[in-house]
Amino acid sequence: MAGGLGMALLTLGLATARPDVAALGMPLVLGFAWGWFTRPTGQVAGALVPADGAGPVRAHLHLHAPRGTSVVRMRVSTAGYQPAEAVLSARRDRHVTLSLHTARTGVLEAYRVDYVPAAHGEVLAAHCPPLGPARLLVRPRIRPLRRLPLPFRLQGLVGPHTSRRVGEGLELHDIHEFTPGDRLRRIDWRTTVRRSFDPRTGSLGELYVRRTLASADATVMLVVDSRDEVGPDVDTWAGGAPTRMTQATSLDLAREAAASVARHVLDRGDRVGLDDLGRQRRPVPPAAGSKHAERIIQRLTRIAPEGSPKPRLRSPRLPSGALVVIFSTFLDDEAGTVAALWRSQGHRVLAVDVLPTLTTANLDPHAATSYRLIRLERGLRLADLRRQGIDVIHWAGDPDGHGSDLGAQEALLLASSPRRGGR
Amino acid sequence: MRLHLGTTVPAWALRVPAFALAAIAAVVVTSAPLTTAVLVLAAVPVLVAPGTALPVVTAGLIGWGLLAGDAHPVTATVVVLCVPTFLAVCRLVGGVGWAARVEVSAVSGAGRPLLGFVAIALAVMHLAMAAPAAGPGWLWAGIGALAALAVLTGLLTRRLRAMN
């Protein structure tokens, strides 16, 4: 359109012998001519590549613009964020890093890129199909834990812990008379000489062996309740408004807590498994090692609520003697019921409350009444768990007045103390 | 959300000078207060809606104002400098919002050819104004045509080289 105006002014200036009017039109005509003769002939190629690494969530945008492209106008949008717009120079291939900060973890669809490459003077502008959104895996943050309770019964023949059984190990249990089956290298010759050597006859009587406590490992089963995901603002629970991307939801806290526990357990050489209370699929069986840690983290990252899960007829099967750590908001009975069942079967159970610290400022009177009822029920549920010998840990401190002033670290230390059954 | 770009300026920092250029052109092109007010008012779309056809209409009105007034070299120079520049800025930031980031390299890339074209136009205009005014006007028109021909030949040569 500017070219048309330029041509009109140029013609008018020539017709009326006005060099100033013609000169006003001349740059517009020349600009249009320049844009037309240098217009791009190829297509713009773009790619959006998710990037790994800690810190903000990143993706790399690669744009290859053909020769003659002057600028690329770009709009990057992600649900929950203000869109970002930019005008880029496109005289060469461009690589742009996109990043955002979020409190969310799991699978995040981000960075839909709408872009319009344009030739000089807007002679040509192509509306290209949008790129993305990219499917990004945001790994949960891992909080280092100082201590974690052990199961009531340790298992296995090797491991970092000392069990109560007599067997192969380092910690002395007692000195005992030699019995068939004892290893010869276990004979304690000093004790044998002191107790059974007869100097008159020069013969030995009974042999004595040093018996040690067997070493063992612990099995920890993480059970994440992915049936619901609630944010800190109670007003969003009904689904009318989305939770802000800068606020962690209950499932984000569950992922963080489970990943932290898994890392701690694997670092001390024990085995850890993972099950999802919201899905009836095969659990990750207990195992040890760094590869298994990555497997657990990957599964945790992909855990998400899926529709309305069917109620379980049976509680998930667990390895015998395992420490069960269940991560839930305890907003309904199911998680508490299975926790109580596992406790009655002899497992040691830790209930990790992952409800975020709540805000109720935006609730109308009806919603506030409903929330008060939910809160009371949740309080009764948690008290019931404690009565049954289940340690309740509040990951976010005191989310709704039913928690404690203790942080998660202190609560775990307290639960690990020997008087509470820990070794 | 953040885009990691080169050196950038916000789009509003380009829109405001573009409006200022349009207002300057509107002020210098006529001495009648009412016409000046109308032209400045017509320049407001340069600020608020640079992506529409309204800035081109503004440029047309300024051109009309130039045609209605007397040909003065200083006035014409200011107008020829301002109008293509604000139109180029409008094209650059037209499709994006106030807060968009505009790379400085994109501004300079769009500005370099424009400077050349404006320089050619000013040179042709001053040559034509210096030529005898009694003539039929063919002299400056011929100079302009020759300059345009030179530019187009250069462009064609460049294009043909690129095709090889």
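Sequence order as written defines residue numbering, which begins from 1 separately in each chain. To label them, take the chains in the order written and letter them from A, then take the ligands in the order written and number them from 1. Given that the model is predicted, a residue must reach a pLDDT of at least 70 before its local features are reported, and side-chain atom pairs must reach 80 or more before they are shown or counted; all residues, however, enter totals for whole chains, interfaces and linings. Excluded from the side-chain calculations are hydrogens and water; all other atoms, namely the structure's heavy atoms, are used.

Novice: Explain helix α2 (residues 33-42) of chain B to me, please; I cannot follow it from the model alone.
Specialist: What sets the pattern is the α-helix's 3.6 residues per turn: residues three or four places apart point alike. All names here are of chain B. Burial classes follow relative accessibility: with a 1.4 Å probe on protein chains only, a residue under 20% of its type's maximum area counts as buried, one over 50% as exposed, and anything between as partly exposed. Working definition: helices are DSSP H or I runs of at least four residues, strands are E runs of at least two. Numbering for both runs from the N terminus. Within the span of α2, buried status applies to T36, L39 and A42. Buried residues of α2 fall within an arc of 125° about the axis and therefore sit on the same side. The exposed residues of α2 that point more than 90 degrees off its buried face are P33, L34 and L41. The criterion used for residue contact is that any of the two residues' heavy atoms lie within 4.5 Å. Along its buried surface, α2 packs onto α1 (12-29), α3 (44-48) and α4 (54-68). Within this analysis, the arc is defined by the directions that extend from the helix axis to the C-beta atoms.

Novice: Hey, could you run me through the packing of helix α1 (residues 2-15) of chain A against helix α2 (residues 19-37) of chain A in this one?
Specialist: Helix-helix packing: each pair is described by the crossing angle between the helix axes and the interaxial distance. Residues and elements named next belong to chain A. All axes are obtained by fitting lines to C-alpha atoms, using only the stretch in contact for helices, and the reported angles, taken between N-to-C directions, cover 0 to 180 degrees. Their axes nearest at 7 Å, the elements α1 and α2 cross at an angle of 145°. Relative to α2, the crossing made by α1 is left-handed. In this structure, α1 contributes A2, G3, L5, G6, M7, L9, L10, G13 and L14 to the contact, and α2 contributes V21, A22, L24, G25, M26, L28, V29 and F32. Classification convention: Asp, Glu, Lys, Arg as charged; Ala, Val, Leu, Ile, Met, Phe, Trp, Tyr, Cys, Pro as nonpolar; all other residues, Gly among them, as polar. Per-class residue counts for the contact of α1 with α2 are 13 nonpolar, four polar and no charged. Here is the rule for handedness: rotate from the far helix to the near one, and if that takes an anticlockwise turn smaller than a right angle the crossing is left-handed, while a clockwise turn gives right-handed.

Novice: What is the right way to read the interface of chain B and chain A from this model?
Specialist: For interface size, the figure often reported is the accessible area lost on association. In this assembly, 54 residues from chain B lie in contact with 55 residues from chain A. Only one rule defines a salt bridge in this text: a Lys or Arg side-chain nitrogen within 4 Å of an Asp or Glu carboxyl oxygen. Inspection of the region where chain B meets chain A yields one salt bridge. Note that R94 of chain A is salt-bridged to E103 of chain B, the shortest N-O span being 2.6 Å. The definition of a polar contact used here is a pair of N or O atoms within 3.5 Å, where within protein one atom must be able to donate a hydrogen and the other to accept one, and adjacent residues in sequence count solely through side-chain atom pairs. For the pair chain B and chain A, the interface holds 13 residue pairs in polar contact (both at pLDDT 80 or more). Sorting the residues of the side of chain B that touches chain A by element identifies β1 (2-4), α4, α5 (73-93), β3 (101-103), α6 (104-130) and α7 (138-163) of chain B as the ones contributing at least two each. Its residues assigned to classes, the side of chain B that touches chain A comprises 38 nonpolar, nine polar and seven charged. We call two strands paired when DSSP finds no fewer than two bridges between them. Two strands pair when backbone bridges link them, and strand β5 (residues 94-100) of chain A and β1 of chain B are joined in this way by three bridges, in the antiparallel orientation. Bridging from a neighbouring strand, S99 of chain A pairs with R2 of chain B of β1 of chain B.

Novice: For this particular structure, what's the right way to read the packing of α4 of chain B against α5 of chain B?
Specialist: Residues and elements named next belong to chain B. Contact pair α4 / α5: the axes reach a minimum separation of 10 Å and the direction vectors enclose 170°. The orientation of α4 with respect to α5, classified from their angle, is roughly antiparallel. Across the interface between the two elements, P55, V56, T58, A59, I62 and L66 from α4 touch T75, A76, V79, V83, F86, L87 and C90 from α5. Residues that form the contact of α4 with α5 fall into these classes: eleven nonpolar, two polar and no charged. Between 65 and 115 degrees an angle is taken as roughly perpendicular, under 35 as roughly parallel, over 145 as roughly antiparallel, and anywhere else as oblique.

Novice: What's the story with the confidence of the model for chain A in this structure? I'm lost.
Specialist: Do not read the fine detail of predicted coordinates wherever pLDDT is low. Across the chain, each position has a pLDDT score giving the predictor's confidence in that residue, from 0 to 100. Confidence in the prediction for chain A averages 85 pLDDT; 97% of positions are at 70 or higher. The element-level mean pLDDT for chain A is lowest in strand β9 (residues 161-166) of chain A, coming to 74, with strand β17 (residues 323-328) of chain A highest at 94.

Novice: Is there a simple way to think about the side chain of S196 of chain A in this case?
Specialist: Residues and elements named next belong to chain A. Within the secondary structure, S196 sits in helix α3 (residues 189-196). One polar contact links the side chain of S196 to the main-chain carbonyl oxygen of E206, over a distance of 2.7 Å. Setting aside anything within four residues of it in sequence, one finds S196 in contact with S203, L204, G205, E206 and Y208.

Novice: For this particular structure, what's the right way to read the environment of V102 of chain B?
Specialist: When you line up the elements, V102 of chain B lands in strand β3. Overall, the relative accessible area of 0% leaves V102 of chain B in the buried class. Residues V102 of chain B and A23 of chain B, spaced 79 residues apart in sequence, show a C-alpha to C-alpha distance of 23 Å. Every residue in contact with V102 of chain B, bar those within four places of it in the chain, is listed here: V87 of chain A together with T7, T8, V9, A11, L14, L92, V93 and V107 of chain B.

Novice: What should I look at first to understand the packing of aromatic side chains in this one?
Specialist: Stacked, edge-to-face and tilted labels apply to pairs of Phe, Tyr and Trp rings (six-membered ring for Trp) whose centres lie within 6.5 Å, assigned for plane angles under 30 degrees, over 60, and everything in between, in that order. Counted under the stated rule, the structure contains two aromatic pairs over all chains. On the numbers, 5.9 Å between centres and 65° between planes, the contact of W34 of chain A with F117 of chain B is edge-to-face. Pair noted here: W34 of chain A is in helix α2 and F117 of chain B is in helix α6, and the two residues belong to different chains. The exposure class of F117 of chain B is buried, given its relative accessible area of 5%.

Novice: So what exactly am I meant to see when it comes to the pattern of salt bridges here?
Specialist: Oppositely charged side chains are able to pair whenever their charged atoms sit close together. Residues and elements named next belong to chain A. In total, this model carries 24 salt bridges over all chains according to the counting rule given. Among the ionic pairs, R135 bridges to E109, the shortest N-O distance being 3.8 Å. Here R135, found in strand β8 (residues 134-138), pairs with E109, found in strand β6 (residues 106-110); they are 26 residues apart in sequence, far enough to count as distant.

Novice: Explain the sheet that holds strand β4 (residues 84-89) of chain A to me, please; I cannot follow it from the model alone.
Specialist: In a beta sheet, neighbouring strands are held together by backbone hydrogen bonds and run either parallel or antiparallel to one another. In space, the five strands of this open sheet follow the order β7(A)-β3(A)-β4(A)-β3(B)-β2(B), with mixed pairing throughout. The open sheet has two free edges, formed respectively by β7 (112-119) of chain A together with β2 (8-10) of chain B, since each of these has just one partner strand. On average, adjacent strands in this sheet sit at an angle of 20° to one another, irrespective of strand direction. As defined by bridge partners, β4 of chain A adjoins β3 of chain B across two bridges and the pair is classed as parallel. Considered in β3 of chain B, the bridge of V87 of chain A is made with V102 of chain B.

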